[in-house]
Amino acid sequence: MQVDLTGEWYGWKQRGRYLVSPEGDRLTLERMKGIAWRLDMEARLSAARNRNASRKAVSQGLVKVVVVDLADWHAQRFGSRAG
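Residues numbered from 1 in each chain as written. Predicted model: local features only at pLDDT ≥ 70, side-chain atom pairs only at ≥ 80, totals over all residues. Heavy atoms only, no water.

Peer 1: Talk me through the overall build of the protein; I want residue IDs and the actual numbers.
Peer 2: On a plain count of helices and strands, the protein comes out with 2 helices and 4 strands. When its helices and strands are written in sequence order, the protein yields β-β-β-β-α-α. For 83 residues, the compact-globule estimate of 2.2 N^0.38 gives 12 Å, and the protein exceeds it by more than 25% at 33 Å. The C-alpha extent of the protein, read off along each of the three principal axes, is 105 × 25 × 20 Å. Expressed as a percentage of its 83 residues, the buried residues of the protein come to 6%. Excluding contacts between residues fewer than 6 apart, the proportion of contacts in the protein whose partners are at least 24 apart in sequence is 0%. Only carbon and sulfur atoms are counted for the fraction: they give 55% of the accessible area of the protein, which is about 8000 Å². Of note, the protein has its 15 positive side-chain charges centred 8 Å away from the centre of its 9 negative side-chain charges. (Helix = DSSP H or I, 4+ residues; strand = E, 2+ residues; numbered from the N terminus. Rg over C-alpha atoms; globule rule 2.2 N^0.38 Å. Buried < 20%, exposed > 50% of the residue type's maximum accessible area, 1.4 Å probe, protein only. Contact = heavy atoms within 4.5 Å. Areas by Shrake-Rupley, 256 points an atom, 1.4 Å probe, with all protein chains shown as cover. Lys, Arg positive; Asp, Glu negative; His and termini not counted. Charge placed at Lys NZ, Arg CZ, Asp CG, Glu CD.)

Peer 1: Lay out the side chain of T28 with the relevant residues and their values.
Peer 2: Note that T28 resides in the loop between strand 4 (26-27) and helix 1 (29-59). With a relative accessible area of 17%, T28 lands in the buried category. Once residues lying within four places of it in the same chain are set aside, the contact partners of T28 are R17 and Y18.

Peer 1: Just give me the short version of the packing of aromatic side chains, but keep the residues and values in it.
Peer 2: If you walk through the whole model with that rule in mind, you get 1 aromatic pair. Ring geometry for W9 and W12: centres 5.6 Å apart, planes at 75°, overall edge-to-face. Its end group placed over the ring of Y18, R17 keeps NZ or CZ at 5.7 Å from the ring centre. Here the guanidinium or amino end of R26 rests over the ring plane of Y18, the centre of that ring lying 5.2 Å away. (Phe/Tyr/Trp six-rings, centres within 6.5 Å; stacked < 30°, edge-to-face > 60°. Lys NZ or Arg CZ within 6 Å of the ring centre and 35° of its normal.)

Peer 1: Summarise the confidence of the model for the protein; cite the residues concerned and give the values.
Peer 2: Of the residues in the protein, 93% reach a pLDDT of 70 or more, and the chain-wide mean stands at 86. Element-level pLDDT for the protein is lowest in helix 2 (residues 70-78), with a mean of 79, against a maximum mean of 94 in strand 4. (pLDDT = per-residue confidence, 0-100.)

Peer 1: Explain the side chain of S21 residue by residue, including any values.
Peer 2: Mapped onto the secondary structure, S21 falls in the loop between strand 3 (18-20) and strand 4. Take S21: its relative accessible area is 5%, and that puts it in the buried class.

Peer 1: Explain the pattern of salt bridges residue by residue, including any values.
Peer 2: A complete count under the given rule lists 3 salt bridges for this structure. In this structure, the salt-bridge partner of D4 is R15, at a minimum N-O distance of 2.9 Å. Taken together, the residues span a long stretch of sequence, with D4 in strand 1 (residues 2-4) and R15 in strand 2 (residues 13-15) at a distance of 11 residues. When the shortest N-O distance is used, the salt bridge between R38 and E42 registers 2.8 Å. Pair noted here: R38 and E42 are both in helix 1, with a separation of 4 residues, about one helical turn. (Salt bridge = Lys/Arg side-chain N within 4 Å of Asp/Glu carboxyl O.)

Peer 1: Break down the environment of M1 for me, citing the residues and quoting the values.
Peer 2: Inspection of the secondary structure assignment puts M1 in the segment before strand 1. Along the chain, M1 and Q14 lie 13 residues apart, while their C-alpha atoms are 7.4 Å from each other. Apart from the residues within four sequence positions on either side, M1 is in contact with Q14, R15 and G16.

Printed below as a string of structure tokens:
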């Protein structure tokens, strides 16, 4: 069976069990299924990475950093000695 495709598929041809690109690449049904599967898996992986990144961004709250001189902290907690 030989079919020349039209429209967006212009230049592509069906030759027997192959789909032939305008450049002459021959693709079987199994190869097309493999390509579609890989594209689907890459999209799922990308979506999972985006979900994880957004969860990580949300779960990391603000951190307050306070710098205190150790002598002041010790004096507050234990009092100061007469020198």
